[in-house]
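Structural features, examined
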Amino acid sequence: MKTFKTILAVAVAAMAFVGCAKEQNVELNEKVTMTYSVSLDSASGTRADFDGSKANELVYAAYLKGSNDTYSDAPVATGTAAVSNGSATVNIELLKGQQYLVTFFAYNNADANKWWTLNNNILTFDHSKVTLNSDVNDVFVGKTETQSVTLKRPLALMNLAIKKTHLVNAENLGMVKANTTFTAQFNEIATQYDLKAGNRVNTTTENRSFTVTGSNLVEDGDYFTIGKLLILGGKNVKLDLTVTCSSLPVQTVYSGLISNDVPAKANFKTNIKLNTLLTDTPEYSVTISAGFTNPDEEVVIP
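Let me begin by describing the structure that accompanies this report. (Residues numbered from 1 in each chain as written. Predicted model: local features only at pLDDT ≥ 70, side-chain atom pairs only at ≥ 80, totals over all residues. Heavy atoms only, no water.)

1. Quick word on the sheet that holds strand S3 (residues 77-82)
Spatially, S3-S2-S5-S8 is the arrangement adopted by the 4 strands of the open sheet, whose pairing is antiparallel. Of all the strands in the sheet, just S3 and strand S8 (140-144) have a single pairing partner and so form its edges. The mean inter-strand angle of the sheet, taken between neighbouring strand axes irrespective of direction, is 15°. (Pairing = 2+ DSSP bridges. Helix = DSSP H or I, 4+ residues; strand = E, 2+ residues; numbered from the N terminus. Axes fitted to C-alpha atoms, helices over the stretch in contact; angles between N-to-C directions.)

2. Section: the packing of aromatic side chains
On inspection of all chains with the given rule, the structure shows 6 aromatic pairs. Taking 4.7 Å as the distance between ring centres and 50° as the angle between the ring planes, the aromatic pair formed by tryptophan 115 and phenylalanine 125 counts as tilted. Residue tryptophan 115 is located in the loop between strand S5 (100-107) and strand S6 (116-119), and its partner phenylalanine 125 is located in strand S7 (residues 122-125); the two are separated by 10 residues in the primary sequence. Taken individually, tryptophan 115 and phenylalanine 125 each receive the classification buried, so the pair is uniform in this respect. Among the aromatic residues, those joined into a cluster by ring pairs are Phe105, Tyr107 and Trp116. Its end group placed over the ring of tyrosine 63, lysine 196 keeps NZ or CZ at 4.4 Å from the ring centre. The ring of phenylalanine 268 has lysine 265 lying over it, and the distance from NZ or CZ to the ring centre is 4.2 Å. (Phe/Tyr/Trp six-rings, centres within 6.5 Å; stacked < 30°, edge-to-face > 60°. Buried < 20%, exposed > 50% of the residue type's maximum accessible area, 1.4 Å probe, protein only. Lys NZ or Arg CZ within 6 Å of the ring centre and 35° of its normal.)

3. Some thoughts on the layout of surface pockets
The method is simple in principle: a probe with the dimensions of a water molecule rolls over the atoms, and the space it marks as empty is what remains. Quantified by volume, the second largest pocket comes out at close to 160 Å³. As for the second largest pocket, its lining consists of 14 residues, and the residues nearest its centre are Val141, Pro154, Tyr193, Gly198 and Asn199. Counting residues per element, the ones that place at least two in the lining of the second largest pocket are S8 and strand S12 (199-213). No other element matches S8, which puts 3 residues into the lining of the second largest pocket. Residues that form the lining of the second largest pocket fall into these classes: 6 nonpolar, 5 polar and 3 charged. (1 Å grid on protein atoms, 1.4 Å probe; cavity = no way out; pocket = protein on both sides within 12 Å on 5 of 7 lines; lining within 4 Å. Points joined across faces, edges and corners; volume = space filled by probe spheres on them. Nonpolar A, V, L, I, M, F, W, Y, C, P; charged D, E, K, R; others polar.)

Listed below in structure tokens is the structure:
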């Protein structure tokens, strides 16, 4: 009888252990819905070049934090959410009691000529597909370990312009605006961005050029805009410019390197203002504007 009681006690203890283990297993695998508040750090007001309103969808990816403070290579949850009026609410089912890094990428889902690809956490941009003078390609990125995040542009807006008075001076010297062609080429543009790391990838670069005729210059205050182009920021670029005019005896007004070191700061606008044209070395200045609005920092390159 004593032996039977001992066996019974052991069996009861084993059952209790198994039940406890099952309860712990259920708790460890319990999922909860985490709500993330996402906003876009877009410029606002009538003076802004691009207001961020074109971004209407985002993709997200959640990465599990390990014991050594690193995150899983593959995401444990992915999905999309709508962006409305510069904000979004994202609900993600995740394991209770765990820590996560969540990355976000907001874009315009109506952009038929999509200029980016997303492979795992790496964004690759094709600048040949960027639309000149348009914010249709505007995008925002961000990451967070908490439940709120503000996304910022990884892009720089390159704004090439010529002052009205200087264009008039060139016309007084025989240049006819309607017969003038401006060809600008930005060289050594970064092409990749790491969403998990939160910065550009120093691997590949590419060039992007555009051509505008004088009759298509856009009036903007005291300037005529030659072209506004979104590029991946974070790396200074080179700018080559060629200006030709069929009304002048020497058709090429200028052709050569404007600058070897033009700032292309993420979430900033770079104003490149031509001050003279009919010289061997055109004069120009570069102004950096935060948030694509009024200048708050100026850099002049001789």
